[in-house]
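Here are the chains, one letter per residue:
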Amino acid sequence: MKRIDISIVVPVYREEEIISDFYNELVKVMESSGTVFEIIFVHDDRSNSETMQKLKEIHYNDTRVVIIGLTRNFGHQIALTAGMDYARGEAVVTMDGDLQHPPELIPTLIENWKKGYDIVYTIREDVLGESFFKKYSAKLFYRMMSRISDIDMGINCADFRLMSRKTVEEFKRLKEKSRFIRGLVSWMGYNKIGVTYIAKERSKGETKFSLRKIISFALNGLLSFSNFPIRLISFIGLIVSSVSFLYLIRVTYFFLFTEEKIPNMLPITTIILILCGVQMLMLGIIGEYIAKIFTETKNRPIYIIDEIYDKVDD
Ligand code: UDP
Ligand code: MG
């Protein structure tokens, strides 16, 4: 089999409007880079035939293009994992298929890899045209994560990076089901370097990350890499018990040493309700961790492949 230098892994979910433009730009850049490459599109949505049709057309005209069709929408992180598992290149580049990760940056990634870096990650300088909410919520999230988690995953790091064969092989050994890839990669260590780029506005189609998906993604990152929420529970519990204890002492004092009636100083019902709420919230946090353990112990495969289009099989 021919030796492949670079595999480019691209998860694709309902990108029929932009995928051909993306492919054309990518091929232009890769051909001028003088490397032997393959492009692996991971189609993350069994039911969307329009995008698949486009991908097949691209594949039939270009034997360097591989399509991995998953059986349903497994989500961006898992689609990336499927592509990385399949990739054969000496280095693997992962990127989005909507041109927000500029293909022009790939030669810089390759250059740094050739200099001896195992992981070349990218830092987004600014996302043009991104909503105020998305920009600032992401910033806040990564700031908070770098404070409370065990690892530093950097601010504004997307899943646009190059990894050497050696690191990809190690990455494949990480079998956790709820994946937060930028956290995993950061956890792995290795000799890394970051390069910056300016993310462009999405020119066609719209973001596939609904608010629900963003929240679940952030929660995944938080719970997979931090025990802070659990510790917070103990801390709040400690504070609440200490305050109640002081109050108890005060009430006892009035009862034993004064003639005054025990003052009904605090509206008891409100306090009980507040405490009920706090308890439920805490149970919820514990529940999230237990749900994670449950998912991991079920030992299901991370994804299921329905079909593969590869020059070797055709
Ligand atoms: N994507 C995917 N599965 C999903 C959601 C997104 O494979 O469930 C792909 C999508 O096609 C794109 C990349 O992941 O190539 C990033 O998605 P998007 O551009 O919608 O995210 P944003 O840039 O808005 O964060
Ligand atoms: Mg995008």
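In this text the structure is predicted, and so the values were computed from the model without any measurement. (Residues numbered from 1 in each chain as written. Chains lettered and ligands numbered in written order. Predicted model: local features only at pLDDT ≥ 70, side-chain atom pairs only at ≥ 80, totals over all residues. Heavy atoms only, no water.)

1. Quick notes on the overall build of the protein chain
Rules: Secondary structure is summarised from DSSP: a helix means a run of H or I of at least four residues, a strand means a run of E of at least two, and numbering begins at the N terminus for each. Within these notes, the globule rule equals 2.2 Å times the number of residues to the 0.38 power, and the radius of gyration is based on C-alpha atoms. Think of it in three bands: with a 1.4 Å probe and only protein chains considered, a residue is buried below 20% of the maximum accessible area for its type, exposed above 50%, and partly exposed in between. Residues count as neighbours in contact if any of their non-hydrogen atoms are within 4.5 Å of one another. Every accessible area reported is derived by Shrake-Rupley at a probe size of 1.4 Å, with residue values counting cover from the shown protein chains alone.
Per the secondary structure count, the protein chain includes 10 helices and eight strands. Against the compact-globule benchmark of 20 Å for 314 residues, the protein chain has a radius of gyration of 25 Å, which places it well outside the compact range. Along the three orthogonal principal directions, the C-alpha set of the protein chain runs to about 95 × 40 × 40 Å. By the burial criterion, 43% of the 314 residues in the protein chain qualify as buried. The long-range share in the protein chain, meaning contacts at least 24 apart out of those at least 6 apart in sequence, stands at 82%. Accessible surface, the protein chain as shown: approximately 17200 Å² in total, 60% of it carbon and sulfur.

2. A closer look at the site of ligand 1
Convention followed: In this text, near means that some heavy atom of the residue lies within 4 Å of the molecule or strand in question. Here a polar contact is taken to be a pair of N or O atoms separated by no more than 3.5 Å, where protein atoms must pair a possible hydrogen donor with a possible acceptor and residues adjacent in sequence count only if both atoms sit in side chains. Gly falls in the polar group here, along with every residue not listed as nonpolar (Ala, Val, Leu, Ile, Met, Phe, Trp, Tyr, Cys, Pro) or charged (Asp, Glu, Lys, Arg).
The full set close to ligand 1 counts 18 residues, and Asp44, Asp98, Thr207, Lys208 and Lys213 are the nearest of them. Residue Asp44 places a side-chain N or O atom 2.6 Å away from a nitrogen atom belonging to ligand 1. Looking at side-chain class alone, the shell around ligand 1 contains four nonpolar, six polar and eight charged residues.

3. So, the pattern of salt bridges
Selection rule: By convention in these notes, a salt bridge is any Lys or Arg side-chain nitrogen within 4 Å of a carboxyl oxygen on Asp or Glu.
Using the criterion set out here, one finds 13 salt bridges in the structure. Residue Arg64 pairs with Glu31 through a salt bridge whose shortest N-O separation is 3.0 Å. Taken together, the positions of Arg64 in the loop between helix 2 (49-61) and strand 3 (65-70) and Glu31 in helix 1 (residues 19-32) put the pair 33 residues apart, joining distant regions of the chain. Owing to a relative accessible area of 47%, Glu31 belongs among the partly exposed residues under this scheme. The closest approach of N and O atoms between Glu169 and Arg165, which form a salt bridge, is 2.6 Å. Taken together, the residues Glu169 and Arg165, both in helix 6 (residues 165-172) and four residues apart, mark about one turn of the helix. The class of Arg165 is buried, set by a relative accessible area of 16%. Sharing partners across several salt bridges, the network here consists of Glu31, Asp62 and Arg64.

4. Some remarks on the packing of helix 6 against helix 7 (residues 181-188)
The following threshold applies: With axes taken as lines fitted to C-alpha atoms, and helix axes fitted only over the stretch in contact, angles between N-to-C directions fall between 0 and 180 degrees. Orientation is classified from the angle alone, with under 35 degrees giving roughly parallel, over 145 giving roughly antiparallel, 65 to 115 giving roughly perpendicular, and any other angle giving oblique. Whether a crossing is left-handed or right-handed is set by the direction in which the near helix is turned from the far one by less than a right angle, anticlockwise for left-handed and clockwise for right-handed.
Close contact between helix 6 and helix 7 brings their axes to 11 Å; oriented N to C, the two are set at 115°. Here helix 6 is positioned roughly perpendicular relative to helix 7, judged by the angle of their axes. Crossing hand, helix 6 versus helix 7: right-handed. Here helix 6 contributes Thr167, Glu170 and Phe171 to the contact with helix 7, which in turn contributes Ile181, Leu184, Val185 and Met188.

5. Observations concerning the coordination of the magnesium ion (ligand 2)
For clarity, the threshold we go by: Any N, O or S atom lying within 2.8 Å of the metal counts as a donor, and for Na, K and Ca the limit rises to 3.2 Å; water is left out, so some sites can look incomplete.
Distances from the magnesium ion (ligand 2) to its protein donors, namely Asp98 (OD) and Gln100 (OE1), fall within the range 1.9 Å. The same class applies to Asp98 as to Gln100, namely buried.

6. A look at helix 9 (residues 228-257)
In plain terms, the rule: To estimate how far a helix should reach, multiply one less than its number of residues by 1.5 Å.
Over its 30 residues, helix 9 runs 43 Å from end to end, which matches the ideal 44 Å to within 8%, given 1.5 Å per residue. Here helix 9 has its buried residues at Pro229, Ile233 and Phe254.

7. Brief notes about the packing of aromatic side chains
Keep this limit in mind: Two aromatic rings from Phe, Tyr or Trp, using only the six-membered ring of Trp, form a pair when their centres are within 6.5 Å; if the ring planes differ by under 30 degrees the pair is stacked, by over 60 it is edge-to-face, and anything between is tilted. Charge over a ring is defined by NZ of Lys or CZ of Arg lying within 6 Å of the ring centre and within 35 degrees of the ring normal.
What the rule picks out here adds up to six aromatic pairs. Summarising the aromatic geometry, the rings of Phe141 and Tyr142 are spaced 5.2 Å apart at their centres and angled 75° between planes, so their arrangement reads as edge-to-face. The exposure classification of Phe141 matches that of Tyr142, with both residues buried. Here the aromatic rings of Phe141 and Phe180 are separated by 6.4 Å at their centres, their planes lie at 80°, and the arrangement is edge-to-face. Note that Phe141 is positioned in helix 5 (residues 132-148) and Phe180 in the loop between helix 6 and helix 7, a separation of 39 residues in sequence. Take Phe141 and Phe180: they sit in the same class, and that class is buried. Through a chain of ring-to-ring contacts, the aromatic side chains of Phe141, Tyr142, Phe180 and Phe217 assemble into a single cluster. In this structure, Arg72 packs its charged tip against the face of Phe74, placed 3.9 Å from the ring centre. One cation-aromatic arrangement involves Lys213 over Tyr13; the distance from NZ or CZ to the ring centre is 4.5 Å.

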